[in-house]
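Architecture at a glance
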Amino acid sequence: MGNYLVAMEAAWLVRDVEQIDDAIGVAVSEAGKRLNSEDMDYVEVEVGATGCPACGEPFDSAFIAADTALVGLALEMEVYNADGEEHASRIAKSEVGGALRDVPLSVVEVVETPDED
């Protein structure tokens with residue numbers, strides 16, 4: 001049994017928005033509220049980063065068209081006493097997916113963390 005840090009990304013839709021910063025703020029806030037209402041305040045929520053196809057530099061994962069934004073959120077949570085990376089991944093996706101129903105979610109990285117004994 002091990003402990004793992006599971007990083008996921010979610011695609012969050014924000015309607016009736018004109019500015020990228022507003023879309024990001026709304027997406028992070030709404031995701032945080034839904035997670036907190038399920039007592040999941042241990043899940044970290046941030047805006048995701050996408051690499052620029054030309055230079056490779058990261059920028060905020062957000063796109064607006066027709067006053068509707070798609071914001072990529074980065075979510076992280078610790079999973080304790082999992083049987084392996086696959087098990088930790090399923091646990092995290094199940095817990096977060098239950099709170100963020102109808103939000104596309106995928107696991108991007110699983111890292112084993114040392115025991116804190």
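The structure under discussion appears in the preceding block.
Okay, so let's go over this structure. (Residues numbered from 1 in each chain as written. Predicted model: local features only at pLDDT ≥ 70, side-chain atom pairs only at ≥ 80, totals over all residues. Heavy atoms only, no water.)

A few points about the layout of surface pockets
For clarity, the cut-off: Think of a 1 Å grid over the protein atoms and nothing else: a 1.4 Å probe that fits but is trapped marks a cavity, an open set flanked by protein within 12 Å on at least five of seven lines marks a pocket, and residues with an atom within 4 Å of a point count as lining. Grid points are joined across faces, edges and corners, and a volume is the space filled by probe spheres set on the points. Helix and strand definitions here come from DSSP, where helices need a minimum of 4 consecutive H or I residues and strands a minimum of 2 consecutive E residues; each element is numbered from the N-terminal end. When residues are sorted by character, Ala, Val, Leu, Ile, Met, Phe, Trp, Tyr, Cys and Pro go into the nonpolar class, Asp, Glu, Lys and Arg into the charged class, and all the rest, Gly among them, into the polar class.
Taken as a whole, the largest pocket encloses approximately 200 Å³ of empty space. Met8, Gly48, Leu73, Ala74 and Leu75 are the residues nearest the centre of the largest pocket, which is lined by 14 residues in total. When contributions to the lining of the largest pocket are tallied by element, the ones reaching two or more residues are strand S1 (2–15), strand S2 (44–47) and strand S6 (68–82). With 5 residues, S6 is the single largest residue contributor to the lining of the largest pocket. For the lining of the largest pocket, a count of residues per class yields 7 nonpolar, 3 polar and 4 charged.

A word on unusual backbone geometry
A positive phi angle, close to 55 degrees, is found at aspartate 67, a residue other than glycine. Note on placement: aspartate 67 falls in the loop between strand S5 (62–65) and S6. Its identity is not glycine, yet aspartate 102 carries a phi of approximately 65 degrees, on the positive side. For aspartate 102, the position within the fold is in the loop between helix H2 (85–99) and strand S7 (105–113).

Observations concerning H2
The cut-off we apply is this: Multiplying 1.5 Å by the helix residue count minus one yields the expected span of that helix. A simple rule labels every residue: compare its accessible area, found with a 1.4 Å probe on the protein chains alone, to the largest value its type can have, and call it buried under 20%, exposed over 50%, or partly exposed in between. Comment: arc refers to directions from the helix axis out to C-beta atoms. Residue contacts are counted whenever heavy atoms from the two residues lie within 4.5 Å of one another.
Between its terminal C-alpha atoms H2 stretches 22 Å, which fits the 21 Å expected from 15 residues at 1.5 Å a residue. Considered for burial, the residues of H2 that qualify are Ala88, Ser89, Ala92, Val96 and Ala99. Seen from one end, H2 has its buried residues packed into an arc of 105 degrees, which puts them on one side. Opposite the buried face of H2, by more than 90 degrees, sit the exposed residues Glu86 and Ser94. Contacts from the buried residues of H2 go to S1, helix H1 (20–37), S6 and S7.

What about the nonpolar core?
General note: in soluble globular proteins, nonpolar side chains tend to be found buried as a group. What counts is decided by this rule: For the purposes of this section, nonpolar cores are sets of buried Ala, Val, Leu, Ile, Met, Phe, Trp, Tyr and Cys residues that join through side-chain atoms within 4.5 Å.
Counting 31 residues, the largest nonpolar core has Val71, Leu75 and Val96 as its most contacted members. Residue assignment for this core shows that the elements contributing at least two residues are S1, H1, S6, H2 and S7. In terms of residue count, the dominant contributor to this core is S6 (7 residues). Among residues more than four places away in sequence, those in contact with valine 96 are Met8, Leu35, Met40, Val43, Leu75, Met77 and Leu105.

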